[in-house]
Amino acid sequence: PGGGRKKGGGGEGGETTPVNKWKKAGKQLARPPSANGRGEGGDEFDALRNRAGKAFKVLLSTYTDAQGHENQKKQLMAEGGMEQAELLRKRTTIRSLKKVVDFKISQGESYKQLFMFALLIFCYGMVVTKLRDTNQAFSIETSLMSLMQEPLEGKHLKMQDVYDYMRHIASVTFKDPVCGDGVCEEPFEFPGFDTVGCVADCGLRKNLTNVFFYPTDPWVPSGQTMEQQPIYQLATRMQAMPDMRFNIFLGTTDSFIWKEDREIKSSEWVEVQVPDDNVTVCLFQRNKLYGKVATPSSLAIMMNLDPLTMLPAPPAETYSYGDLTESIAWSSWVETNMLVDTSQRFYNTSTVRHPALDRGLRYGVAWAFGISAPGEPIRYLAQNGPCMISQEDIEAVSRNEKCLHDNLVWWKEEKCYDSSQWMEKWALTCPTCTTFEIRENSQPGEKVPSVVPSTSPNRPVTPGNNLIGSILISQKRKESVLCSLSSQDLETLGPLYEDQYCLSPDIPASEPFGIDPMFLTTSPLYDGRVFSSAFFYNQSELNPTSGSPFGFFASPYDFPVSDDFPFPNSESGVPIYRAYLDGRMTAEHAQRGVSFLQEGKFLTNQTESLSVEIGTFNPQHRAFAWSKATFTFGTGGLIEAEYLVDSFSMADLEADNVEIVLFFIVCFLCFGMLIAELKEMWGCWKEGKLLSYLTDIWNLLDMATICFVPGSLLLILVDARMFISTLELAERGDLPRVLRNPGAVARVFQTVLEEEMAFLDLRHRIQMYIAQSQDSRAWVAVNVLLLMAPLFKMLHF
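Conventions adopted
- Residues numbered from 1 in each chain as written.
- Predicted model: local features only at pLDDT ≥ 70, side-chain atom pairs only at ≥ 80, totals over all residues.
- Heavy atoms only, no water.
- Helix = DSSP H or I, 4+ residues; strand = E, 2+ residues; numbered from the N terminus.
- Expected span 1.5 Å × (residues − 1).
- Contact = heavy atoms within 4.5 Å.
- Patch = residues over 30% accessible without salt bridge, like charges linked within 9 Å, V, L, I, M, F, W, Y side chains within 5 Å.
- Areas by Shrake-Rupley, 256 points an atom, 1.4 Å probe, with all protein chains shown as cover.
- Salt bridge = Lys/Arg side-chain N within 4 Å of Asp/Glu carboxyl O.
- Buried < 20%, exposed > 50% of the residue type's maximum accessible area, 1.4 Å probe, protein only.
- Disulfide = S-S within 2.5 Å.
- Phe/Tyr/Trp six-rings, centres within 6.5 Å; stacked < 30°, edge-to-face > 60°.
- Lys NZ or Arg CZ within 6 Å of the ring centre and 35° of its normal.
- 1 Å grid on protein atoms, 1.4 Å probe; cavity = no way out; pocket = protein on both sides within 12 Å on 5 of 7 lines; lining within 4 Å.
- Points joined across faces, edges and corners; volume = space filled by probe spheres on them.
- Polar contact = N/O pair within 3.5 Å; in protein donor to acceptor, adjacent residues only side chain to side chain.
- pLDDT = per-residue confidence, 0-100.
- Pairing = 2+ DSSP bridges.
- Axes fitted to C-alpha atoms, helices over the stretch in contact; angles between N-to-C directions.
- Nonpolar A, V, L, I, M, F, W, Y, C, P; charged D, E, K, R; others polar.
- Lys, Arg positive; Asp, Glu negative; His and termini not counted.
- Parallel < 35°, antiparallel > 145°, perpendicular 65-115°, else oblique.
- Left-handed = near helix turned anticlockwise from the far one by under 90°.

## What to know about helix H4 (residues 134-149)
Moving on, step 1. Taking 1.5 Å per residue as the helical rise, H4 with its 16 residues ought to reach 22 Å, and the 21 Å between its terminal C-alpha atoms agrees with that figure.
Moving on, step 2. Looking at the packing, one finds that the buried side of H4 touches helix H5 (159-173), strand E14 (460-462), strand E15 (465-482), strand E18 (607-618), strand E19 (623-633) and strand E20 (639-649).

## Structural notes on a nonpolar patch on the surface
Moving on, step 1. On the surface, Trp269, Ile378 and Tyr380 cluster together into a nonpolar patch covering about 300 Å² of accessible area.
Moving on, step 2. Residue position: Tyr380 is located in strand E9 (residues 379-384).
Moving on, step 3. Using a relative accessible area of 44% as the deciding quantity, one classes Tyr380 as partly exposed.

## Thoughts on the pattern of salt bridges
Think of it this way: side chains of opposite charge can pair up when their charged atoms draw near.
Moving on, step 1. Applying the stated criterion across every chain, the model contains 23 salt bridges.
Moving on, step 2. Of the charged contacts, one joins Asp261 and Arg529 as a salt bridge, the two residues approaching to 2.7 Å between their closest N and O atoms. Within this pair, whereas Asp261 is found in the loop between strand E3 (255-256) and strand E4 (262-263), its partner Arg529 is found in the loop between strand E16 (501-508) and strand E17 (577-582), the two being separated by 268 residues in sequence. For the residue pair Asp261 and Arg529, the accessibility class agrees, reading buried in each case.
Moving on, step 3. Between Lys478 and Glu608 there is a salt bridge, and its shortest N-O distance comes to 3.9 Å. With a gap of 130 residues between them, Lys478 in strand E15 and Glu608 in strand E18 connect regions that are remote in the sequence.
Moving on, step 4. For Lys478, a relative accessible area of 14% puts it in the buried group.
Moving on, step 5. Here the salt bridges share partners, and the residues they tie into one network are Asp261, Arg286, Asp527 and Arg529.

## With respect to the state of the cysteines
Moving on, step 1. Applying the stated criterion across every chain yields a total of 5 disulfides.
Moving on, step 2. Bridging Cys179 to Cys198, the disulfide has an S-S length of 2.0 Å. What sets the handedness of the Cys179 and Cys198 disulfide is the S-S torsion sign, and at about 95° it is right-handed. With a gap of 19 residues between them, Cys179 in the loop between H5 and helix H6 (199-202) and Cys198 in the loop between H5 and H6 connect regions that are remote in the sequence.
Moving on, step 3. We classify Cys179 as partly exposed; its relative accessible area is 44%.
Moving on, step 4. At a sulfur-sulfur separation of 1.8 Å, the disulfide partner of Cys387 is Cys430. Taking the torsion about the sulfur-sulfur bond, which here is approximately 60°, the covalent link between Cys387 and Cys430 counts as right-handed. Here Cys430 lies in the loop between helix H12 (423-429) and strand E13 (433-438) and Cys387 lies in strand E10 (residues 387-389), a separation of 43 residues in the sequence. Here Cys387 and Cys430 have matching classes, each one buried.
Moving on, step 5. Unpaired in this structure, Cys707 has its nearest cysteine sulfur neighbour in Cys670, at a distance of 8.9 Å.

## Thoughts on the packing of aromatic side chains
Given two aromatic rings, their pairing is described by the distance between the two centres and the angle made by the two planes.
Moving on, step 1. Applying the stated rule across the entire model yields 28 aromatic pairs.
Moving on, step 2. Both rings, one in Phe513 and one in Tyr577, keep their centres 5.1 Å apart while their planes meet at 80°; by these two values the pair is edge-to-face. One end of the pair, Phe513, is in the loop between E16 and E17; the other, Tyr577, is in strand E17, with 64 residues separating them in the sequence.
Moving on, step 3. On the basis of relative accessibility, which here comes to 9%, the residue Phe513 falls in the buried class.
Moving on, step 4. Aromatic rings pair up to connect Phe513, Phe552, Tyr577, Phe596, Phe602 and Phe749 into one cluster.
Moving on, step 5. Directly above the ring of Trp219 sits Arg362, whose terminal nitrogen or CZ lies 5.7 Å from the centroid.

## Points about the layout of surface pockets
Space left empty within the atom packing is revealed by a probe, the size of a water molecule, rolled over the atoms.
Moving on, step 1. Empty space within the largest pocket amounts to approximately 1700 Å³.
Moving on, step 2. Thr253, Ser255, Thr586, His589 and Gly743 are, among the 49 residues lining the largest pocket, the residues nearest its centre.
Moving on, step 3. Of all the secondary structure elements, the ones that give two or more residues to the lining of the largest pocket are E3 and helix H14 (587-599).
Moving on, step 4. No other element matches H14, which puts 3 residues into the lining of the largest pocket.

## Description of the side chain of Ser266
Moving on, step 1. Along the chain, the position of Ser266 falls in the loop between E4 and strand E5 (270-275).
Moving on, step 2. In this structure the side chain of Ser266 is engaged in a polar contact, spanning 3.0 Å, whose partner is the backbone nitrogen of Asp217.
Moving on, step 3. Excluding anything up to four places from it in sequence, Ser266 contacts Pro215, Thr216, Asp217, Val220 and Met226.

## Section: the confidence of the model for the protein chain
Moving on, step 1. The pLDDT averaged across the protein chain works out to 81; a share of 84% of its residues lies at or above 70.
Moving on, step 2. Low pLDDT, under 50, characterises residues 1-15; the stretch is placed with 5 contacts to residues that sit more than four places away or in other chains.
Moving on, step 3. In the predicted structure, residues 34-39 sits below a pLDDT of 50 and forms 2 contacts with residues beyond four places in sequence or in another chain.

## Things to note about the sheet that holds strand E8 (residues 366-371)
Sheet strands pair by backbone hydrogen bonding; their relative direction is either parallel or antiparallel.
Moving on, step 1. If you walk across this open sheet you meet the 4 strands as E5-E1-E8-E9, and the pairing is antiparallel. Single-partner strands in this sheet number two, and they are E5 and E9. Pairs of neighbouring strands in the sheet enclose a mean axial angle of 20°, with direction left out of account.

## A closer look at empty space enclosed by the protein
Moving on, step 1. In the structure shown here, the tally under the stated rule is 2 cavities of 30 Å³ or more.
Moving on, step 2. There is about 50 Å³ of room inside the largest cavity.
Moving on, step 3. Forming the boundary of the largest cavity are Arg132, Asp133, Gln136, Ala137, Ile140, Ala623, Ser647, Phe648, Ser649 and Asp652.
Moving on, step 4. When contributions to the lining of the largest cavity are tallied by element, the ones reaching two or more residues are H4 and E20.
Moving on, step 5. Here the lining of the largest cavity is built from residues that sort into 4 nonpolar, 3 polar and 3 charged.

## Structural notes on the side chain of Arg477
Moving on, step 1. Mapped onto the elements of the fold, Arg477 is located in strand E15.
Moving on, step 2. No salt bridge is formed by the buried Arg477; the nearest opposite charge belongs to Glu479, separated by 8.0 Å.
Moving on, step 3. A polar contact of 2.8 Å, which involves the side chain of Arg477, links it to the side chain of Thr604.

## Observations regarding the packing of helix H7 (residues 230-237) against helix H9 (residues 324-339)
Moving on, step 1. Closest axis-to-axis distance for the H7/H9 pair is 10 Å, and the angle between their directions is 110°. Considering the angle they form, H7 stands roughly perpendicular to H9. Pair H7 / H9 crosses with right-handed handedness. Facing Pro230, Ile231, Tyr232, Leu234 and Ala235 of H7, the residues of H9 in contact are Trp330, Val334, Glu335, Asn337 and Met338.
Moving on, step 2. Considering only residue class, the contact of H7 with H9 consists of 8 nonpolar, 1 polar and 1 charged.

## Comments concerning the packing of H5 against H14
Moving on, step 1. Where H5 meets H14, the axes come as close as 9 Å, and the angle between the chain directions of the two elements is 165°. Classified by the angle their axes make, H5 and H14 are roughly antiparallel. Crossing hand, H5 versus H14: right-handed. Where H5 approaches H14, its residues Gln160, Tyr163, Met166, Arg167, Ala170 and Ser171 are matched on the opposing element by Ala590, Gln591, Val594, Ser595, Leu597 and Gln598.
Moving on, step 2. Of the residues assigned to the contact of H5 with H14, the class counts are 6 nonpolar, 5 polar and 1 charged.

Right, dumping it as structure tokens:
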């Protein structure tokens with residue numbers, strides 16, 4: 001009983017608080033129990049008390065912290081700081097939210113940029129893939145490359161291998177149809193007549209005229225044959241038969257009507273059909289006697305001719321008809337032997353001189369040519385006698401004195417004759433060829449329809465790829481100069497260099513060289529019927545040393561740059577020796593063309609390089625290809641071959657609607673990128689960081705991409721429009737016909753200048769587009785790398 005005092009108020013002092021109460025309770029728990037209270041469970045009680053004490057401390061600490069926070073809060077509220085703390089917390093939260101929002105916005109913008117850039121790459125890739133059909137190009141180029149490489153694969157080349165290569169290309173390209181298979185394949189099969197054309201497949205040509213050739217031999221009486229005549233029997237034993245033949249040359253075909261000349265048989269009527277045009281009747285003599293059966297001086301003695309006036313013997317391989325020298329040989333040798341043969345009735349010892357000098361010198365056959373239309377009288381166009389000089393013309397050039405030589409046969413002759421003075425008179429009566437104009441089915445001056453179709457044939461080089469115009473064979477040569485030696489080598493090596501020539505490294509050769517083998521008697525191409533080069537070559541084109549025509553001539557053409565095609569030709573003004581295997585050639589003529597190159601010595605030690613070029617067009621895919629084999633002739637003797645085949649399609653030049661839409665999408669996307677870059681540059685300029693922007697490699701790549709990607713596509717489209725007009729010309733088949741006469745009997749590579757220039761211009765245009773397309777493909781490859789670099793940069797987010 002405390003008389004109303006509060007418990008603990010006086011003894012403890014101070015105010016009783018919840019904390020104090022907890023502290024007091026803790027002290028009571030810490031006191032030990034009295035002795036009377038301990039029993040058997042005392043130890044358990046102590047353990048429990050210890051745990052309770054620890055728990056109480058934890059609770060007391062927590063409560064104390066909470067009370068501290070509460071007091072701090074009351075203090076902040078009392079001082080006005082609570083509002084500032086709340087504001088700080090809100091700002092912190094807002095900053096955190098802003099960071100999240102900014103990240104989301106940046107990520108969305110990055111995704112947008114990535115999408116737009118991926119769309120640019122996709123559209124650009126689509127345009128590029130549509131610009132070229134790679135599967136088609138691979139098929140065409142692989143087939144042509146196999147053809148170009150096959151003949152020489154794995155060989156160490158010699159000059160003969162190069163000729164064999166050209167022969168192989170010609171044999172693959174030039175194949176003629178078979179007459180008689182029931183299909184008329186123009187232009188090599190056409191309505192024909194006699195041996196011309198293919199009557200079996202194409203029928204008989206209309207509007208033909210029957211002409212005849214009728215020869216008579218003055219030594220053969222009517223009703224008899226040559227074999228029955230004693231003089232021909234003697235000539236046969238003496239191997240002195242002249243072997244005379246004839247043929248008819250057609251102006252419409254530029255060829256003889258018969259491949260082999262027909263033998264002339266006295267009184268044999270030969271009739272043949274020819275079209276309206278100039279026809280030329282030619283007589284030939286295969287077996288030359290002059291200089292063969294006896295020397296010119298021996299022949300002169302037998303006819304009392306001045307040996308100093310005897311004419312030189314013409315080449316034995318020349319088939320010219322009725323040379324004066326042949327008449328002298330026949331009369332001096334064959335007739336003289338006939339006249340002095342006592343077993344023959346012609347022998348007469350009282351004859352003063354050779355009978356030919358009394359009756360006139362004659363030789364050959366008389367012949368008639370004319371028109372023999374069925375049901376109409378024969379019309380003679382010519383009636384020619386044998387070649388001859390009258391007795392008056394012979395006497396006009398005689399000298400009234402004996403020849404200096406002794407004549408054992410005609411020793412009574414008191415005159416000597418100058419045979420060189422007979423030539424002019426003889427030529428008037430003995431032409432080898434005579435031309436007639438046949439106009440039975442057309443009027444004079446009218447254009448005669450061509451016998452051979454003028455269209456160029458389809459020449460498949462490989463299946464589906466047809467030859468464009470001609471195969472071009474071109475050679476570059478170096479000028480040959482005397483080898484020079486340094487002074488220190490002159491003593492030791494001088495003899496080895498005597499009269500030795502070396503190739504000039506800088507000076508290209510431009511002089512004509514070689515020989516036309518058609519006039520080379522030792523060549524298998526020699527044709528004795530073509531005995532005068534004057535018809536094919538002028539005087540400046542003859543070798544001044546040998547008098548034979550050169551075989552090959554340089555053509556340093558000037559190729560002007562046209563307004564519609566501003567690409568200069570690198571071959572302009574360069575002396576290049578060109579030969580063409582024209583697509584209009586027959587297989588035989590093409591092989592003869594290669595033989596012309598070989599026999600005419602086209603390849604020599606001066607050859608620097610030779611190329612064989614084949615342009616083709618595939619109508620199925622409208623695809624052009626240009627194949628080229630280049631042979632480089634090293635000065636050490638090594639010949640190296642390189643092959644190149646490139647192609648493109650007309651579809652590559654034509655932009656469809658899809659390509660145009662894709663092109664504008666690419667331009668639009670690049671324009672958007674340009675605007676973004678300009679904004680970034682403006683911002684950097686305002687901040688004074690423009691130099692930093694300009695020196696950043698990524699920025700430079702972005703600007704290059706913006707310019708190059710649409711620029712490459714625009715250039716391809718513009719180039720395509722430039723080429724398309726020229727190539728449509730080739731696609732229609734209106735191609736240059738380079739050679740003047742694909743079947744010419746001599747100067748087989750003579751060209752029509754305008755046609756050759758047109759062909760070379762077409763070749764230049766095709767090659768330039770191929771070069772441009774290669775540059776464009778290289779540009780595309782660079783653009784792909786430019787596009788990949790920004791793409792990887794964009795993926796960093």
